[in-house]
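# Structural features, examined
These are the residues of each chain, in order.
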Amino acid sequence: MSDKKTTPLNVTQEARHRVFVGLGWNPNKKVSLIDKAREITGGKKTHHDLDLSCYIFDDQKRYINHVSVESGREVDQTGQIYHSGDNVEGIGDGDDEQISVELKDLNPAIHSIIFKASIKSGQNFAEVAEPEMRLADGYTNRNFVHCDLLKITGHDKDAFIFACIFRMSNTEWQMMQINEFIDTTDDMSWPERLKSYLP
């Protein structure tokens, strides 16, 4: 069991007790001619493409499903956990990607949900402009947790494990902030890797 601090997730009782995790960042404005040439020859992308995803587990820590920008993965099988859509450059104010979770009447088999951000354009978080994440109430937009990723040690990596929400009963949920950077590998199994963070 994790020794990270858990706290109640006090959700407003409207909007299907919805919470969401938001990921935001700003477009890359430091693009040189050399950067563009490297991209053409197969190097790093000149834009910064971050992706938000969540992984869903049962009460035995068995992987159920995940929600992400991947085709066919935008909504879970219950229709109550869903992604806002892919933003490939961080254009726009506020959250660039969101995942919403309707806690009311959520399938009782779903016990824990872990949220992560990763970069698929070849950079690490230290190279991204103002990356941030938050866990918020879906009805009031009030932040339960807000995190400036560049203020956390280890941001020279390409994935960030943000937080976990987990069920205490049919109506009570808790949250646990994780805030840990890791490097991805080609042979990584995300369900197995994330299972170690479950409370």
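Before any of the text, the structure's been laid out above.
Keep in mind that this is a model prediction, so the values were computed, not measured. (Residues numbered from 1 in each chain as written. Predicted model: local features only at pLDDT ≥ 70, side-chain atom pairs only at ≥ 80, totals over all residues. Heavy atoms only, no water.)

## Observations concerning the overall build of the protein chain
The helix and strand tally for the protein chain stands at 2 helices and 11 strands. In the protein chain, the order of α-helices and β-strands from amino to carboxyl end is β-β-α-β-β-β-β-β-β-β-β-β-α. Within the protein chain, contacts between residues at least 6 apart in sequence are counted, and of these 66% link residues at least 24 apart. Working note: accessible area of the protein chain is about 10,100 Å², and carbon and sulfur atoms make up 46% of it. (Helix = DSSP H or I, 4+ residues; strand = E, 2+ residues; numbered from the N terminus. Contact = heavy atoms within 4.5 Å. Areas by Shrake-Rupley, 256 points an atom, 1.4 Å probe, with all protein chains shown as cover.)

## Considerations on the pairing of strand 9 (residues 143-148)
Bridge count between strand 8 (residues 129-137) and strand 9: 5 bridges; the pairing is antiparallel. If you follow Leu135 over to strand 9, its bridge partner there is Val145. The turn linking strand 8 back onto strand 9 is made up of 5 residues, and Asn141 within it adopts a positive phi angle of 70°. (Pairing = 2+ DSSP bridges.)

## Focus on the nonpolar core
Ranked by size, the top nonpolar core spans 37 residues in total, and within it Leu9, Ile81, Ile113, Leu135, Phe162 and Ile165 carry the most contacts. Apart from residues lying up to four places away in sequence, Leu9 is in contact with Val19, Leu103, Leu135, Phe144, Ile165, Trp173, Gln174 and Met175. (Core = buried A, V, L, I, M, F, W, Y, C linked by side-chain atoms within 4.5 Å. Buried < 20%, exposed > 50% of the residue type's maximum accessible area, 1.4 Å probe, protein only.)

## A word on the sheet that holds strand 1 (residues 6-8)
Taken together, 6 strands build an open sheet; the order of strands is 1-11-10-7-3-4 and the sheet is antiparallel. Lying at the two open borders of the sheet, with one neighbouring strand each, are strand 1 and strand 4 (63-67). In this sheet, adjacent strand axes meet at a mean angle of 20° when their direction is disregarded. (Axes fitted to C-alpha atoms, helices over the stretch in contact; angles between N-to-C directions.)

## Description of the environment of Gln98
Mapped onto the secondary structure, Gln98 falls in strand 6 (residues 97-102). Put simply, Gln98 and Asp86 are 12 residues apart on the chain and 9.3 Å apart in space, counted from C-alpha to C-alpha. Beyond its immediate stretch of four places on either side in the chain, Gln98 contacts Phe20, Val21, Gly22, Leu52, Tyr82, His83, Ser84 and Arg134. Within the structure, the side chain of Gln98 is placed 2.8 Å from the side chain of Asp95, a separation counted as a polar contact. (Polar contact = N/O pair within 3.5 Å; in protein donor to acceptor, adjacent residues only side chain to side chain.)

## Notes on the pairing of strand 11 (residues 173-182)
Strand 11 sits mainly inside the fold: 7 of its 10 residues count as buried. Examined bridge by bridge, strand 1 and strand 11 share 3 bridges and lie antiparallel to one another. Opposite Pro8, over in strand 11, you have Gln174 as the bridge partner. The pairing of strand 10 (residues 159-167) with strand 11 spans 8 bridges and is antiparallel. When the bridges of strand 11 are listed, Phe166 appears paired with Gln174.

## Considering the layout of surface pockets
Roughly 230 Å³ of volume is contained in the second largest pocket. In terms of lining, the second largest pocket is formed by 15 residues, of which the most central are Ser53, Tyr55, Lys116, Ser118 and Trp190. Elements represented by at least two residues in the lining of the second largest pocket include exactly strand 3 (50-57) and strand 7 (112-119). Ranked by residues supplied to the lining of the second largest pocket, first place goes to strand 3 with 4 residues. (1 Å grid on protein atoms, 1.4 Å probe; cavity = no way out; pocket = protein on both sides within 12 Å on 5 of 7 lines; lining within 4 Å. Points joined across faces, edges and corners; volume = space filled by probe spheres on them.)

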